[in-house]
Amino acid sequence: MASLELRNVVKRYKSQTVLDNLSLTVADGETLVLFGPSGAGKTVLLRLVAGVIDPDEGKILIGGDDMTDVDAEFRGIGMAFQNFALFPHMTAFDNIATPLEAKRSSQSVIKAGVESVAKLLKIAHVLSHKPRALSNGQKQRTALARALVGSPPLLLLDDPLRNVDAKLRFEMRLELPRLLADRGATVVYVTQDYKEAMALGDRIAVMSQGVIRQLGTPEQIYREPANIEIARLFGDPTINLLDVKPARDTRGIYVGLSNVQVHLAGAYETAVGRDCVIGLRPEALSFVEEGAPGAIPVTVEAETPLNEKIVTLVRTVRGREVLVSRPAGTPGRSEGKAHISVDGKSALLFDHASGERIGSKNVVILRNGEAA
Amino acid sequence: MEHTSLLERILRGVALTLVVVFFMFPIAWIFMMSFQTNETILRIPPQLIFEPTLANYTALITGKLVTAAGTLDIAFMRNLWNSVFLSVTSVAVSLLLGVPAAYAFARHKFRGSEDIAFTLLSFKFAPALLVLLPLTLYFQKLGLANTYIGLIWVYQLICLPLILWIVRGYFEDIPADIEYAYRIGGHSWFATFRKIALPLAGPGIAAAGLLAFIFAWNNFVFALVLASADKQPVTVGALAFITSSGIQYGQISAAIVLSITPTLALALYAQRYLVEGLSLGAVKG
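The name an unreviewed UniProt entry gives chain B is Carbohydrate ABC transporter membrane protein 2, CUT1 family, with Mesorhizobium qingshengii as the organism. Recorded in UniProt for chain B, the comment headed Sequence similarities (unreviewed entry) runs: "Belongs to the binding-protein-dependent transport system permease family." We quote the UniProt Subcellular location (unreviewed entry) comment for chain B here in full: "Cell membrane".

Going by an unreviewed UniProt entry, chain A carries the name Carbohydrate ABC transporter ATP-binding protein, CUT1 family and comes from Mesorhizobium qingshengii. Comment text from UniProt for chain A, heading Sequence similarities (unreviewed entry), reads "Belongs to the ABC transporter superfamily."

Structure, rendered in structure tokens:
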């Protein structure tokens, strides 16, 4: 099988540095998701691994062997492209068969290989069609089949669900993890969709501007984002970010939210007196009765039912807008005055100037002196 | 298609007829002339009704031109063969050299690649007459004057830049990802060139080859200066019809009809590839 290692890889185009001294290790059989906005260098990274472009500096190791100067056809990789990159002059069957032909397999082996992978991906009935006669979903499955057919130990998937409709994307998001796990291949998966990243990745590498900003399990990225930017990218609706200035009193360190002192527990000594941003996930906020401990008065502005959950936009007495999310069917307010309280555990504190998260552990919030 | 009224269709038909008549008239007139004798051709006013004769064609094919001054030998069939041989070989050599070069220029940006490509194109800028004199002198020194090899070499000035620049554009239009996908699948760059790039640029190569063929076929100046009677193509050979006893319009017309037939046939045959090339664009990306 094949692990993948990148050591201090640099790639420049003219004066622009696209990948800046990037190092990364993907264990054998692991699925790593590269997540980030467009222009972050994700696709360039995949192409370097595939061998179709060369790094300016650094090394690429596949299965422990230095592949930096090895041509693409000898790297034993399967790759699916965002734009499918099907061969327009060949039928779907011939498209899928090309990696097997390169291995000089016999006709019967090719036929069996193509048909089994086509059956798996439910495109057996369109194998005789040329790409122009295929729907987007079928094109995407054909491209995926072509990447999978040779059972490559290392699979590179460049945002394969980008150009397919929402329904198919949802289906594939459910099917892909099993499909990839069955093959036992090492997978590098590029996406811009955080739900896809969370669903598919054993680990997620969050990239921006040619640098990996954070590398961790989906849980870690969601619960302990390295900075405001990452916290904002993961989560729907997006995290609430409020400017605060932590202070200290006899009971510890607290932040003031609408004149209610919310005490924080954790290693926040350094944050006292500094300009900070507190990040509160919408699902960590809930409606409470007036007079409940830690109740913050708000005005309901708007409510959006999203089938499985209801998102409410509320305004605090200081005029700051906050999103509150609750499962559908649970009590809440849809208009007028209300009170919300902050649930602990998922609230986050960031430095205002740098955007970096403060403290290494989960934030624990004490409600007005209540022990957490 | 929107609904069109009867009037619109009639007007469109009239307009199309006018255009076709305007462009086809000279060819049609020459075709008619080729079946007439010099006397009927030169009659004033010209007449649409005449007694057709195959004398012009027999004269060309047998190679005997009977005039008032006596019988002349005409090497027309030999000229026609020369034209076919020179054009086909030149285009073949150009395709062999030009298509791989076009691929290299399209896919690999190496030092000076743009300069080399432009230099090749610049061969087409200089008027042929400007390079002919030095070329003739060199060819005489090298022993290339009045040889097929020498002529085919000079014809590369006409064919190679054309093929190179047209085909390069077609290669550039193929998304690089398609070629990457084939290589990652385990194929060498040469296999990728043969199995992916060539078939996808096929219509472009056909179009460029056809154009180059027509240019080579129609060439006059190079062949006039560098080739003597037995190596001359039809363009130069047609001069023989200007005889001491007058210009043989009938034979000239028949010669034109015979000499445009191969290019016309080739164009009609290649048409379906050209159309295919246009529709192939729909599946890109």
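### Section: the overall build of chain B
Along the backbone of chain B there are 12 helices and 4 strands. Against the 2.2 N^0.38 benchmark of 19 Å for 285 residues, chain B shows a C-alpha radius of gyration of 24 Å, more extended than a compact globule. Taking the principal axes of the C-alpha coordinates as reference, chain B spans close to 75 × 70 × 30 Å. Sequence-distant contacts in chain B: of pairs separated by 6 or more residues, those separated by 24 or more amount to 74%.

### Examining the packing of helix α2 (residues 92–102) of chain A against helix α4 (residues 136–148) of chain A
Residue and element names in this part refer to chain A. Across the interface, α2 lies against α4 with an axial gap of 7 Å and an inter-helix angle of 25°. Here α2 is positioned roughly parallel relative to α4, judged by the angle of their axes. For the pair α2 and α4, the crossing hand works out as right-handed. Across the interface between the two elements, A92, N95, I96, T98 and P99 from α2 touch T142, A145 and R146 from α4.

### Quick look at the sheet that holds strand β17 (residues 296–306) of chain A
All names here are of chain A. Read from one edge of the open sheet, 5 strands run β16-β20-β17-β18-β19, paired in antiparallel fashion. Edge positions in the open sheet fall to β16 (285–288) and β19 (321–327), since each of these has one partner strand only. Ignoring which end each strand starts from, the neighbouring axes of this sheet average 50° apart. In the sheet, strand β18 (residues 309–316) pairs with β19 via 7 bridges, with the strands oriented antiparallel. Among the inter-strand pairings, V314 is bridged to a residue of β19, identified as V322.

### Side note on the UniProt feature "transmembrane region" (unreviewed entry) in chain B
Residues and elements named next belong to chain B. In the numbering used here, UniProt assigns the "transmembrane region" (unreviewed entry) feature to residues 12–33, 54–77, 83–106, 118–139, 145–167, 204–229 and 249–270. Between the end C-alpha atoms of residues 145–167 there is a gap of 31 Å, over a span that is 87% helix and 0% strand. End C-alpha atoms of residues 249–270 are separated by 32 Å, and the span's content is 100% helix alongside 0% strand.

### Examining unusual backbone geometry
Residue and element names in this part refer to chain A. For the peptide bond that leads from D236 to P237, omega is 0°, which places it in the cis range. If you trace the backbone, P237 turns up in the loop between α8 (228–233) and β11 (240–244). The backbone of N21 shows a phi angle near 50°, a positive value even though the residue is not glycine. Counting through the fold element by element, N21 comes out in strand β2 (residues 16–26). Taking relative accessible area as the criterion, N21 reaches 44% and is therefore assigned partly exposed. Here the phi dihedral of Q209 falls at roughly 50°; this positive angle occurs in a residue that is not glycine. Structurally, the position occupied by Q209 is in the loop between β9 (203–208) and β10 (211–216).

### Quick word on the environment of F35(A)
Residue and element names in this part refer to chain A. Relative to the elements of secondary structure, F35 occurs in strand β3 (residues 31–35). Residue F35 is classed as buried on the basis of its relative accessible area of 3%. Residues F35 and S258, spaced 223 residues apart in sequence, show a C-alpha to C-alpha distance of 35 Å. Setting aside residues no more than four positions away along its own chain, F35 makes contact with K42, T191, Q192, D193, Y194, A197, I204, A205, V206, M207, L233 and F234.

### A closer look at the interface of chain A and chain B
Counting residues at the interface gives 23 residues for chain A and 20 residues for chain B. For the pair chain A and chain B, the summed buried surface comes to about 1,900 Å²; carbon and sulfur atoms form 67% of the total. In this structure, the connection of chain A to chain B is made through 3 salt bridges. For R183(B), the salt bridge identified is with D71(A), shortest N-O distance 4.0 Å. The tally of links between chain A and chain B comes to 5 residue pairs in polar contact (both at pLDDT 80 or more). Those elements that place two or more of their residues in the side of chain A that touches chain B are α1 (42–50), β6 (77–80) and α2 of chain A. Here the side of chain A that touches chain B gets 4 residues from one element, more than from any other, and that element is α2(A). Tallied by class, the residues present in the side of chain A that touches chain B amount to 14 nonpolar, 3 polar and 6 charged.

Conventions and cut-offs
- Residues numbered from 1 in each chain as written.
- Chains lettered and ligands numbered in written order.
- Predicted model: local features only at pLDDT ≥ 70, side-chain atom pairs only at ≥ 80, totals over all residues.
- Heavy atoms only, no water.
- UniProt positions renumbered as here; feature names shortened; annotations may be inferred.
- Helix = DSSP H or I, 4+ residues; strand = E, 2+ residues; numbered from the N terminus.
- Rg over C-alpha atoms; globule rule 2.2 N^0.38 Å.
- Contact = heavy atoms within 4.5 Å.
- Axes fitted to C-alpha atoms, helices over the stretch in contact; angles between N-to-C directions.
- Parallel < 35°, antiparallel > 145°, perpendicular 65-115°, else oblique.
- Left-handed = near helix turned anticlockwise from the far one by under 90°.
- Pairing = 2+ DSSP bridges.
- Buried < 20%, exposed > 50% of the residue type's maximum accessible area, 1.4 Å probe, protein only.
- Buried area = accessible area lost by both parts, 1.4 Å probe.
- Salt bridge = Lys/Arg side-chain N within 4 Å of Asp/Glu carboxyl O.
- Polar contact = N/O pair within 3.5 Å; in protein donor to acceptor, adjacent residues only side chain to side chain.
- Nonpolar A, V, L, I, M, F, W, Y, C, P; charged D, E, K, R; others polar.

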